[in-house]
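Report on the structure
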Amino acid sequence: MVQDADMTDATAVTAQKDDSIPSADIKSETPSLPPLQASALRLERLLGGPKGASASSNAESNYTNPVKVIRRWLSTSSGAAADATAQDIQAAAMVLLDPNGVCANGRACLLGNNNVSTMVDTNMEVEAATGSSSAPAYLHVAAREVESWLISLAVRLLWKEKNYTQAFEMCQRGIAIIMAHLEDASNKITSVSAPLASSLFPFLARLYRLRALTTEAIKDPALNANLRVEMARAHNMASLRRDVDTQATLLNCMLRDLMEDSQVEQAQKLLSNATFPEVASNNQLCRYLYYSGRIQALRLEYTLSFSNLSQCLRKAPSNTGMGFRIAAQRLLIVVQLLMGEIPERHVFFTKGMKAELFPYLSITQAVRQGDLAVFHKVVTEQADRLRMDGTYTLISRLAHQVVKAGLRNLHVSYSRLSLQEVADRLGLPSKSSAEYVVAKAVRDGVLDATIHHEEGYMQSHDLVDVYATKEPTEAFHRRIAYCLTTHNDAVRGMRYPPDAYKKQLEASRNRRKRDDKSDEEKAQEIEEELDEDY
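Counting starts from 1 at the beginning of each chain's written sequence and moves along it residue by residue. Only residues with pLDDT of at least 70 get local features here, since the model is predicted, and only at 80 or more are side-chain atom pairs given and counted; chain-wide, interface and lining totals rely on the full set of residues. Side-chain descriptors were evaluated using all non-hydrogen atoms of the structure, hydrogens and water having been removed beforehand.

Once that is clear, we can look at the overall build of the protein. Every helix listed is a DSSP run of H or I at least four residues long, and every strand listed is a run of E at least two residues long, numbered separately from the N terminus. Secondary structure assignment for the protein yields 26 helices and three strands. Within the protein, buried positions represent 38% of all 534 residues. Here, residues are in contact when the closest pair of their heavy atoms is within 4.5 Å. In the protein, the proportion of contacts linking residues at least 24 apart, taken out of those at least 6 apart, comes to 65%. Under the convention used here, a 1.4 Å probe and the Shrake-Rupley method define accessible areas, while residue burial counts only the protein chains that appear. Just so you have it, the protein exposes about 32300 Å², and 52% of that area is on carbon and sulfur atoms. The classification of residues rests on relative accessible area computed with a 1.4 Å probe and restricted to protein chains. Under 20% of the type maximum is buried, over 50% is exposed, and intermediate values are partly exposed.

A fitted line through C-alpha atoms serves as each axis, taken over the contacting stretch for helices, and the angle formed by two N-to-C directions is quoted from 0 to 180°. Two numbers describe how helix H10 (residues 201–218) lies on helix H11 (residues 221–240): the axes approach to 11 Å, and their chain directions differ by 165°. Here H10 lies roughly antiparallel to H11, going by the angle between them. Here H10 and H11 pass one another in a crossing that is left-handed. Listed contacts from H11 to Tyr 208, Arg 211, Thr 215 and Ile 218 of H10 are Leu 223, Asn 224, Leu 227, Glu 230, Met 231 and Ala 234. Grouping the constituent residues of the contact of H10 with H11 by class yields six nonpolar, two polar and two charged. Roughly parallel means an angle under 35 degrees; roughly antiparallel means over 145; roughly perpendicular covers 65 to 115; every other angle is labelled oblique. Two helices that cross are described as forming a left-handed crossing if the nearer one is turned anticlockwise from the farther one by less than a right angle, and a right-handed crossing if clockwise. Think of it as three bins: nonpolar holds Ala, Val, Leu, Ile, Met, Phe, Trp, Tyr, Cys and Pro, charged holds Asp, Glu, Lys and Arg, and polar takes everything else, Gly as well.

Let us now look at the nonpolar core. We call a set of buried residues a nonpolar core when its members are Ala, Val, Leu, Ile, Met, Phe, Trp, Tyr or Cys and they connect through side-chain atoms within 4.5 Å of each other. Counting 66 residues, the largest nonpolar core has Leu 255, Tyr 290, Tyr 360, Ile 363, Phe 375 and Ile 395 as its most contacted members. Among the elements that take part in this core, helix H16 (residues 322–338) stands out by supplying 10 residues, more than any other. Tyr 208, Ala 234, Leu 250 and Met 254 belong to the second-largest nonpolar core, a separate cluster that totals 52 residues.

Okay, the packing of helix H2 (residues 35–46) against helix H3 (residues 66–76) next. Helix-helix packing is described using two parameters, namely the angle between the two axes and the distance between the axes. Where H2 contacts H3, the two axes come as close as 11 Å, and the packing angle between them is 155°. As the angle between them shows, H2 and H3 are arranged roughly antiparallel. Crossing of H2 over H3 shows right-handed handedness. In contact with Ser 39, Ala 40, Arg 42, Leu 43 and Leu 46 of H2, H3 contributes Val 69, Ile 70, Trp 73 and Thr 76. For the contact of H2 with H3, the class distribution of residues is six nonpolar, two polar and one charged.

A separate point is H11. With 20 residues, H11 extends 29 Å from end C-alpha to end C-alpha; this agrees with the ideal 28 Å at 1.5 Å per step. Buried within H11 are the following residues: Leu 223, Asn 224, Leu 227, Met 231, Ala 234, His 235 and Ala 238. Taken end-on, H11 shows its buried residues confined to a sector of 110°, consistent with a single buried face. Exposed residues on H11 whose side chains face more than 90 degrees from its buried face are Asn 226, Arg 233 and Leu 240. Structurally, H11 contributes buried residues whose contacts are with helix H9 (164–187), H10 and helix H12 (244–260). After H11 finishes, the residue Arg 242 shows a positive phi value of roughly 60°. In this analysis, the expected span of each helix is defined as 1.5 Å times one less than the number of residues it contains. Here the arc refers to the set of directions running from the helix axis out to each C-beta atom.

Okay, a nonpolar patch on the surface next. On the surface, a cluster of nonpolar side chains totalling about 300 Å² of accessible area is made up of Phe 476, Ile 480 and Leu 484. Given a relative accessible area of 55%, Phe 476 falls into the exposed group. Patch membership requires over 30% relative accessible area and the absence of a salt bridge. Like charges are linked within 9 Å, and nonpolar side chains (Val, Leu, Ile, Met, Phe, Trp, Tyr) within 5 Å. Counted as salt bridges are all cases of a side-chain nitrogen of Lys or Arg within 4 Å of a carboxyl oxygen of Asp or Glu.

Let's shift gears to the pattern of salt bridges. Where side chains of opposite charge bring their charged atoms close, a pairing between them can arise. A complete count under the given rule lists 14 salt bridges for this structure. With a shortest N-O distance of 3.0 Å, Arg 71 and Asp 245 are connected by a salt bridge. Of the two residues, Arg 71 is situated in helix H3 and Asp 245 in helix H12; the sequence distance between them amounts to 174 residues. The partly exposed category is assigned to Arg 71, whose relative accessible area is 33%. Overall, the relative accessible area of 13% leaves Asp 245 in the buried class. Among the salt bridges present, the one from Asp 257 reaches Arg 228, with a minimum N-O distance of 2.6 Å. Here the residue Asp 257 occupies a position in helix H12, and Arg 228 occupies one in helix H11, the gap between them amounting to 29 residues. Residue class for Asp 257 comes out buried when judged on its relative accessible area of 16%.

Below, the discussion takes up the packing of aromatic side chains. Each Phe, Tyr or Trp ring (for Trp, its six-membered ring) is paired with any other whose centre lies within 6.5 Å, and the angle between the two planes then decides the class: stacked below 30 degrees, edge-to-face above 60, tilted in between. Per the counting criterion, the structure on display carries four aromatic pairs. A centroid spacing of 4.5 Å and a plane angle of 20° characterise the contact between Phe 276 and Tyr 288, whose relative ring orientation is stacked. Note that Phe 276 is positioned in the loop between helix H13 (264–273) and helix H14 (282–298) and Tyr 288 in helix H14, a separation of 12 residues in sequence. Here Phe 276 and Tyr 288 have matching classes, each one buried. Three or more aromatic residues joined by ring pairs form one cluster here, namely Tyr 290, Tyr 291 and Phe 324. Two limits define a charge over a ring: the Lys NZ or Arg CZ must be within 6 Å of the ring centre, and within 35 degrees of the ring normal. The ring of Tyr 392 carries Arg 387 above its face, with NZ or CZ at 4.3 Å from the centroid.

This next bit is on the state of the cysteines. What counts as a disulfide here is a pair of cysteine sulfur atoms lying within 2.5 Å. Overall, the coordinates contain zero disulfides when judged by the stated rule. Here Cys 312 is not disulfide-linked; the sulfur of Cys 286 is the nearest cysteine sulfur, at 5.1 Å. You can call Cys 312 buried: its relative accessible area is 0%.

pLDDT is a residue-level measure of predictor confidence that goes from 0 to 100. When pLDDT is averaged along the protein, the result is 76; 74% of the residues meet or exceed 70. Between residues 1–30, whose pLDDT stays under 50, and residues either more than four places distant or in other chains, the model counts one contact.

Below, the discussion takes up the environment of Ala 104. Along the chain, the position of Ala 104 falls in helix H6 (residues 104–110). For Ala 104, a relative accessible area of 27% translates into the label partly exposed. Once the C-alpha coordinates of Ala 104 and Glu 147 are considered, the two residues, 43 residues apart in sequence, prove to be 9.4 Å apart. Once you skip the residues sitting within four places of it in the chain, Ala 104 turns out to touch Asp 98 and Pro 99.

Attention shifts here to unusual backbone geometry. For Lys 162, which is not glycine, the phi torsion reads 65° and is therefore positive. Structurally, Lys 162 can be placed in the loop between helix H8 (143–160) and H9. Exposure remark for Lys 162: the relative accessible area of 61% places this residue in the exposed category. Its identity as a non-glycine residue notwithstanding, Lys 219 has a phi of 60°, on the positive side. Looking at the element boundaries, Lys 219 is found in the loop between H10 and H11.

This is the structure we're talking about:
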């Protein structure tokens, strides 16, 4: 009995302690939202929508430039997008997009498979029967942006699964949906409550990029020819409406398409007539520099190609995009060899690139030795790999550089050497071929020697001081050009400091307040100032 009484008292004390705890300190365990839905609701709040993403309030965007908000949101939502499945995308479209709103077409496009929609409808019916469900809270401010984002995720998922035809069809429908939104926004441009169309530009550029990848995988020449005309027209419209993302993306897609089809001259015409936007993203700039360097290398413009490829590698992100950096590094090595330079040894042993750059290390060693037979042997062994990399055409031009390197070594080692010995050492077919090669090298300034035709030998001159030649001047010019380019980029980046427009906006508002004052208030302020002075 005593024990029972003690237990009863202890229970009462515990109940009193529990009652004394504030209800705010007790955290209710609420189920967390799926990643896609959470990201969409965060975008709704960023664009000025209500925190609950309710469609009942007509909140407008608080940002004058929503493109920056969309770009930053896309970078922060990459984790949720990478792990998304087809069911997650369809479930998010079912919950977030209003079937009777502006995103009805996009919702229908995403819910092409009725399995998920049936599952979600069943869950909603069960919740309605139990009385635990409320009215669906669809997106309002960010509905068009989330619709475009989900379509791009679905296209990328189909592309990864190698369903290229379905990905292309969905990409076409997504582009048509976004263009319809842009046209609707342009018709309502004079309305105060009209949504801003610029927030859709990054998603339109992403869909164009995905369509280019799917078209490249389909490998239909007729389809590629039709899409080139459409991309040129879309690039023109993007330039007119100042859509920087779509303009840069389409330019890179057209350059890539022309290069894949080996239309180098057409790509050069496009490169010379089109202007790459200065405020484009860093990734698009790196792609543009890579394609520019590749085109210029094929057109024998090795100096410009070396400059663009070097800048491309400097601007490329170091924590991702390893495949892109490997492709750029391969092309840069070949361009350096074509310029008569030998790349640094540590380049071939960069982390993550050693296996990919091993064939180019063998070619570089053959070029450095100046042995034409070894060079042809290495190229023959690695021919399939070089064709796969797209550098076989450029490497086939290196035979002349191999001969130059061999002649340079012979010039340093011997002051007098017969032409037959030159032919034997370089692997040339005859004595006359060696004579022609030596004559061209002397004419190009590679060697400082004299050919004695009757005696059949080459006489090397004494080595002159390198500082008496043009090499130091050219090296100094390259360094100055690099410093000036870096300085101009820094000045361009610091020209408009962040949040500078806010100070101007506050100053204009204060000036407007002063202008709105009546004459009596201004006179009273003047009298107060005079009283303070006296």
